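The lines below spell out each chain.
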Amino acid sequence: MTVGIWVLGDQLWQDQSALASEANAPIILIESHGHSTKRRYHRQKLVLVWSAMRHFAAELEATGRAVTYEIADDFVTPLRQWVEQNQITELRVMEPADRPFARFLNGLDLSCQLTIVPNNHFLWSVAEFKQWADGRKSLLMESFYREGRKRYGMLMEGTGKKRTPVGGQWNYDKENRKPPKKGINPPVPQWFKPDKITRQVMQEVAKLDTFGDLEPFGWAVTRAQALQVLDYFITVRLNTFGPYQDAMVTGEDTLWHGLLSPYLNLGLLHPLEVIQAVEAAYKQQDQPLNSVEGFIRQVLGWREYMRGLYSYVDEDYPQGNYFEHHQPLPEFFWTGDTPMNCLHQSIDQVKRTGYNHHIQRLMILSNFALIAGLSPQAVESWFHAAFIDAYDWVMQTNVIGMGLFADGGVLATKPYAASANYINRMSDYCKDCQYHPKLRTGENACPFNFFYWDFLARHRDILQNQGRMNFILKNLDKMSAEEYAEIRENASQWHEQQTP
Ligand SMILES: Cc1cc2nc3c(=O)[nH]c(=O)nc-3n(C[C@H](O)[C@H](O)[C@H](O)COP(=O)(O)OP(=O)(O)OC[C@H]3O[C@@H](n4cnc5c(N)ncnc54)[C@H](O)[C@@H]3O)c2cc1C
Ligand code: SF4
């Protein structure tokens, strides 16, 4: 029996289960350029993935492993050739995180046996999540997170049944919602100068017709660089990560966020080493608990939960459209050319870098898409194209579920819908905008306001079943018929003026 291992582009970790299963087996990595033209990807995402793959192949070779690196139009042709040339009788692949790729893999017609090795790049396996989820009335992230804290002994004190969360609370979110102060001074992010391999990939990507700026490119492309980003985050940014986690400031693209998702999602970092390093910083460097717990909740809680849920829900989850929203994606999502300053800033930033932090993604981009009634699938497709860290497993639950509530509440207990009030409180965007954040009708009314109230009114019947919406629906009921008619008129005029 001759075993061969296919390492997928987001599995770039030497201890990943397929690689670890057979020390001397030949390895193949395939860059499929045809795959990348089937849908749009941000230019910097293509550079990141292909450069990281090429660096990883070189690292594997340096450890003495036999590595074949193919650049091809499709995956199947070079794979079949390699299987035949090397007389492979068993091809091992670590279970893909993305369902469409898993389906593709299972449908492959190869001359050898295919073995899918369980994915060890997440903390919870698919089976363990299922065991946790089965039979529960609700799949609340907070319950899952607490289970994870106990399971990994993360930020816990005491022993056995007497174990309690460090500091006496599970969650310090209330301390982590500070609006931006004037004159805050976040540290510059850590970027890297592209090396020869990266520059070569950049030349190749420059020829492709896709979205986003190619330069400046400063993302880490090796595990060693990704570890430097982690270390820099812990020593320089973690301290203030918590309080300003939800703030948005013009010209400050990253604030105190970690910028770790591209590396976690590629396999350059493992989630366990990341949370362990952050916990150690709490114990040894006295880092503040609200920041430490806030960060660990993102990785041990949200990230694992999103992946677990993705693998747990039905295959048709991506087609969800609970509110029956069908408006096309406005053209400005690709250009950033809109007078709505919050959207202009967020889209311009993602074009330049491939990155927005969580609140820009949730409370600006997807909030707008939700209240303006854009098609969930068009929005998901845009997120997939626009972001440096986008993969099917993390997009579907975040965009379809969390951002757009298109799953009808499998994930969130109420839609994340907000008017300009929230954006005005948590950012400095409104002061430089042609619209007025307090007005909900008229020429200068902020579109977030008329769309918000229109959204509530259009879906009043189904929203009243979401218990947590009742308070706000009472405010809707106080609105005069005349004002609502004007809101409706503003909303439909706005759509008429857009070019999809
Ligand atoms: C509409 C929408 C789309 C999103 N799309 C993506 C995506 O394509 N890829 C992606 O990795 N994350 C996505 N997220 C989650 C989150 O916004 C990003 O992980 C985060 O902004 C990455 O930046 P960071 O590393 O600086 O994060 P930090 O703020 O420093 O957070 C630390 C880490 O926590 C993890 N994390 C936090 N929240 C989530 C979450 N909801 N889902 C998964 N991981 C989480 C990430 O690994 C992140 O690196 C999306 C969220 C929303 C609301
Ligand atoms: S006024 Fe409205 S459109 Fe302008 S930045 Fe504020 S929320 Fe965004």
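What you see is a predicted model, and the numbers here were worked out from it, not measured in a lab. (Residues numbered from 1 in each chain as written. Chains lettered and ligands numbered in written order. Predicted model: local features only at pLDDT ≥ 70, side-chain atom pairs only at ≥ 80, totals over all residues. Heavy atoms only, no water.)

Peer 1: Would you mind going over the packing of aromatic side chains with me for this structure?
Peer 2: The geometry of an aromatic ring pair comes down to the distance between the two centres and the angle between the two planes. Counting across every chain of the model gives 38 aromatic pairs. An angle of 50° between the planes, with centres 5.4 Å apart, marks the rings of Phe129 and Trp132 as tilted. With Phe129 and Trp132 both in helix H5 (residues 126-133), this residue pair falls three residues apart, about one helical turn. By the burial criterion, Phe129 is buried, and Trp132 matches it. These aromatic residues form a ring-pair network of at least three members: Phe332, Phe333, Phe368, Trp382, Phe383, Phe387, Phe448, Phe450, Phe451 and Trp494. Stacked on the ring of Trp334, the Lys or Arg Arg40 has its end atom at 4.2 Å from the ring centre. Positioned above the aromatic ring of Trp124, the side-chain terminus of Arg151 is 4.0 Å from the ring centre. (Phe/Tyr/Trp six-rings, centres within 6.5 Å; stacked < 30°, edge-to-face > 60°. Helix = DSSP H or I, 4+ residues; strand = E, 2+ residues; numbered from the N terminus. Buried < 20%, exposed > 50% of the residue type's maximum accessible area, 1.4 Å probe, protein only. Lys NZ or Arg CZ within 6 Å of the ring centre and 35° of its normal.)

Peer 1: Please explain the site of ligand 2 as it appears in this structure.
Peer 2: Looking at ligand 2, the residues that line it are Met340, Cys342, Ala420, Ile423, Tyr429, Cys430, Cys433, Tyr435, Pro437, Cys446 and Phe448. Class assignment for the residues of the shell around ligand 2 results in eleven nonpolar, no polar and no charged. (Near = heavy atom within 4 Å. Nonpolar A, V, L, I, M, F, W, Y, C, P; charged D, E, K, R; others polar.)

Peer 1: It is not clear to me how unusual backbone geometry should be interpreted in this structure. Could you clarify?
Peer 2: That bond from Glu215 to Pro216 is cis: its omega, -5°, falls within 30 degrees of zero. Mapped onto the elements, Pro216 comes out in the loop between helix H7 (196-206) and helix H8 (223-241). Of note, Leu255 is a non-glycine position whose phi angle comes to about 45°, a positive value. The backbone phi angle of Asp286 is positive, close to 60°, even though this residue is not glycine. Within the fold, Asp286 resides in the loop between helix H10 (271-285) and helix H11 (289-312).

Peer 1: Looking at this structure, how should I read the sheet that holds strand S2 (residues 27-32)?
Peer 2: For sheets, the rule is that strands pair by backbone hydrogen bonds, running either parallel or antiparallel. Taking strand neighbours across the sheet as the criterion, the five strands line up as S3-S2-S1-S4-S5 in an open arrangement whose pairing is parallel. This sheet does not close on itself; its edge strands, each paired only once, are strand S3 (67-72) and strand S5 (113-117). Strand-to-strand twist across the sheet, computed as the mean angle between neighbouring axes with direction ignored, equals 25°. Of the strands in this sheet, S2 and S3 are in contact with helix H2 (residues 43-62), which crosses S2 at around 165°. (Pairing = 2+ DSSP bridges. Axes fitted to C-alpha atoms, helices over the stretch in contact; angles between N-to-C directions. Contact = heavy atoms within 4.5 Å.)

Peer 1: Help me understand the domain arrangement of the protein in this model?
Peer 2: As a measure of interface size, the accessible area lost when the parts come together is often cited. Domain boundaries assigned for the protein yield domain 1 (3-117), domain 2 (126-312) and domain 3 (318-498). Spacing between the C-alpha centres of domain 1 and domain 3 amounts to 38 Å. Contact residues are listed per partner, giving 13 residues for domain 1 and 17 residues for domain 3. Between domain 1 and domain 3 the total buried area reaches about 1,200 Å² when both faces are included, carbon and sulfur atoms providing 51% of it. When residues of domain 1 are sorted by the area they lose upon contact with domain 3, Arg40, His42 and Lys45 head the list and together hold 43% of the total. Along the contact surface separating domain 1 from domain 3 lie zero salt bridges. Secondary-structure elements contributing two or more residues to the side of domain 1 that touches domain 3 are H2 and helix H4 (99-106). No other element matches the four residues that H2 contributes to the side of domain 1 that touches domain 3. (Domains from an automatic or database assignment. Buried area = accessible area lost by both parts, 1.4 Å probe. Salt bridge = Lys/Arg side-chain N within 4 Å of Asp/Glu carboxyl O.)

Peer 1: Teacher, can you tell me more about the pairing of S3 here?
Peer 2: Side-chain direction in a regular strand flips from residue to residue, so the side chains alternate between the two faces of the sheet. Inspection of the sheet shows S2 paired to S3 by six bridges, in the parallel sense. Its bridge partner being in S3, Leu29 is matched across the sheet by Tyr69. Assessed by its sense of winding, the connection that carries the chain from S2 through H2 to S3 is right-handed. (Right-handed = clockwise from strand over helix to strand, strands pointing away.)

Peer 1: Can you help me understand the site of ligand 1 in this one?
Peer 2: In the neighbourhood of ligand 1, 28 residues make up the surrounding shell, with His257, Gly258, Leu259, Tyr355 and Asp389 lying closest. Here Leu260 contributes a backbone N or O atom positioned 2.9 Å from an oxygen atom of ligand 1. In this structure, Arg361 approaches ligand 1 through a side-chain N or O atom, which is 3.4 Å from a nitrogen atom. Burial of ligand 1 by the protein amounts to 99% of the accessible area it has alone, namely 820 Å². Considering each element in turn, the shell around ligand 1 owes the most residues, six residues, to H11. When we break the shell around ligand 1 down by domain, the ones giving at least three residues each are domain 2 (126-312) and domain 3 (318-498). (Polar contact = N/O pair within 3.5 Å; in protein donor to acceptor, adjacent residues only side chain to side chain. Areas by Shrake-Rupley, 256 points an atom, 1.4 Å probe, with all protein chains shown as cover.)

Peer 1: Whenever I open this one, H8 confuses me. Can you help?
Peer 2: Since there are 3.6 residues in each turn of an α-helix, residues three or four apart along the chain are aligned in direction. Counted at 1.5 Å a residue, the expected span for H8 with its 19 residues is 27 Å, but the 23 Å between its end C-alpha atoms falls short. The principal kink in H8, of about 50°, is found at Thr235. The complete set of buried residues in H8 reads Gln225, Ala226, Val229, Leu230, Phe233, Ile234, Arg237, Leu238 and Phe241. In this structure, the buried side of H8 is in contact with helix H9 (261-266), H10 and H11. (Expected span 1.5 Å × (residues − 1). Bend = angle between axes of the 7 residues up to and from the residue.)

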